[in-house]
Amino acid sequence: MDRAEFMQLREAVTNNLPPASGAPLADAAARLRRRLVASVMFAQVEVEVTDDPERLLVALVRYRPGTRPRQVSSFLEAVWITELRLSALDAFNFLVEDGQVELEAVTGDQGAGYFVSLLLVALEGDAQDFDGEPKPVDDADAATPSPEPADASRARKRFWRKS
């Protein structure tokens, strides 16, 4: 889907359903954070909730140096589909540049009575972002998250400012 088509679909969803809030939005943020932290592909995972309907959830992660952007995109798509997508409608769009993958997504469901939107930015990390030597990530690793590390409860710095 191209960006213009995505923006039209996102506008239609956000104009016809109320944004998720409270427990459903907090739960979506927790599921997203848990899945990203559990992956060996990412480090420095930050997930926040905002009041902006175009990006109710914002996330910033670092991916392993040398990982192909296509692998990052495929993994993020799988995370979106399995963790956040509602049953009625979803749309997503990727912007891939050298060292950066951005995912914009929206999902809504009349039955659930709300929509969820996401902006996730994945930046290529450095070796020091990951414990020890970076391990190559193959397609099988990208599709299957690893168990959550014991130190996943580290404090996270705020990276998104509400306007």
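Above this text is the structure in question.
Below, the structure is looked at part by part.

Conventions and cut-offs
Residues numbered from 1 in each chain as written. Predicted model: local features only at pLDDT ≥ 70, side-chain atom pairs only at ≥ 80, totals over all residues. Heavy atoms only, no water. Pairing = 2+ DSSP bridges. Helix = DSSP H or I, 4+ residues; strand = E, 2+ residues; numbered from the N terminus. Axes fitted to C-alpha atoms, helices over the stretch in contact; angles between N-to-C directions. Contact = heavy atoms within 4.5 Å. Phe/Tyr/Trp six-rings, centres within 6.5 Å; stacked < 30°, edge-to-face > 60°. Buried < 20%, exposed > 50% of the residue type's maximum accessible area, 1.4 Å probe, protein only. Patch = residues over 30% accessible without salt bridge, like charges linked within 9 Å, V, L, I, M, F, W, Y side chains within 5 Å. Areas by Shrake-Rupley, 256 points an atom, 1.4 Å probe, with all protein chains shown as cover. Salt bridge = Lys/Arg side-chain N within 4 Å of Asp/Glu carboxyl O. Lys, Arg positive; Asp, Glu negative; His and termini not counted. Charge placed at Lys NZ, Arg CZ, Asp CG, Glu CD. Core = buried A, V, L, I, M, F, W, Y, C linked by side-chain atoms within 4.5 Å. Expected span 1.5 Å × (residues − 1). Parallel < 35°, antiparallel > 145°, perpendicular 65-115°, else oblique. Left-handed = near helix turned anticlockwise from the far one by under 90°. Nonpolar A, V, L, I, M, F, W, Y, C, P; charged D, E, K, R; others polar. Polar contact = N/O pair within 3.5 Å; in protein donor to acceptor, adjacent residues only side chain to side chain.

## Here's the deal with the sheet that holds strand S3 (residues 89-97)
Pairing is mixed across the open sheet formed by five strands, whose spatial order is S1-S2-S5-S4-S3. Each edge of the sheet is formed by a strand with only one pairing partner; in this case those strands are strand S1 (42-49) and S3. Sheet twist, expressed as the mean angle between neighbouring strand axes with direction ignored, is 10°. Of the pairings in the sheet, the one linking strand S2 (residues 57-63) to strand S5 (residues 114-124) comprises seven bridges and is parallel in character. Counted as the bridge partner of Ala59 is Leu120 from S5. Helix-sheet contacts for helix H1 (residues 3-16) involve S3, strand S4 (100-109) and S5, and the interaxial angle to S4 is about 35°. Packing against the sheet, helix H3 (residues 69-84) makes contact with S1, S2, S3, S4 and S5, and its axis sits at approximately 20° to S4.

## A few points about the packing of aromatic side chains
For the structure shown, the criterion picks out two aromatic pairs. Centre to centre, the rings of Phe92 and Phe94 are 6.0 Å apart; their planes meet at 80°, and the pair counts as edge-to-face. By relative accessible area, which is 21% here, Phe92 ends up partly exposed.

## Topic: a negative patch on the surface
A contiguous patch of negative charge, built from Glu97, Asp98, Glu124 and Asp126, is present on the exposed surface. With respect to the helices and strands, the residue Asp126 is situated in the loop between S5 and helix H4 (139-143).

## Topic: the pairing of S1
Within S1, six of the eight residues are buried, leaving the element largely enclosed by the surrounding structure. Where S1 and S2 come together, six bridges link them in antiparallel fashion. Each residue of the ladder has a partner; that of Ala43, found in S2, is Arg62.

## Quick notes on the nonpolar core
Leu32, Leu36, Phe42, Leu57, Leu76, Leu118 and Leu120 are the most contacted members of the largest nonpolar core, which has 37 residues in total. Contributions of two or more residues to this core are made by H1, helix H2 (22-38), S1, S2, H3, S4 and S5. Not counting the four nearest positions on each side in its chain, Leu76 is found in contact with Leu36, Phe42, Phe94, Val101, Leu103, Leu120 and Ala122. Ranked by size, the runner-up nonpolar core spans five residues in total, among them Val58, Leu60, Leu119 and Leu123.

## Section: H2
With 17 residues, H2 should reach 24 Å at 1.5 Å per residue; the first-to-last C-alpha distance of 24 Å fits that figure. Taken as a whole, H2 has its buried residues at Leu25, Ala28, Ala29, Leu32, Arg35, Leu36, Val37 and Ala38.

## Regarding the packing of H2 against H3
Each pair of packed helices gets described by two things: the angle between the helix axes and the distance between those axes. As a packed pair, H2 and H3 sit with axes 10 Å apart at the nearest point and diverge in direction by 140°. For the element pair H2 / H3, the angle class is oblique. Crossing of H2 over H3 shows right-handed handedness. Where H2 abuts H3, its residues Ala28, Arg31, Leu32, Arg35 and Leu36 lie against Phe75, Leu76, Ala78, Val79, Thr82, Glu83 and Leu84. Residue composition of the contact of H2 with H3, by class: eight nonpolar, one polar and three charged.

## Looking at H1
Between its first and last C-alpha, H1 extends 20 Å over 14 residues, near the 20 Å set by a 1.5 Å rise per residue. Where H1 is buried, its residues touch S3, S4 and S5. At the N-terminal end of H1, a side-chain oxygen is found 3.3 Å from the backbone nitrogen of Ala4, two or three residues along, and the residue is Asp2.

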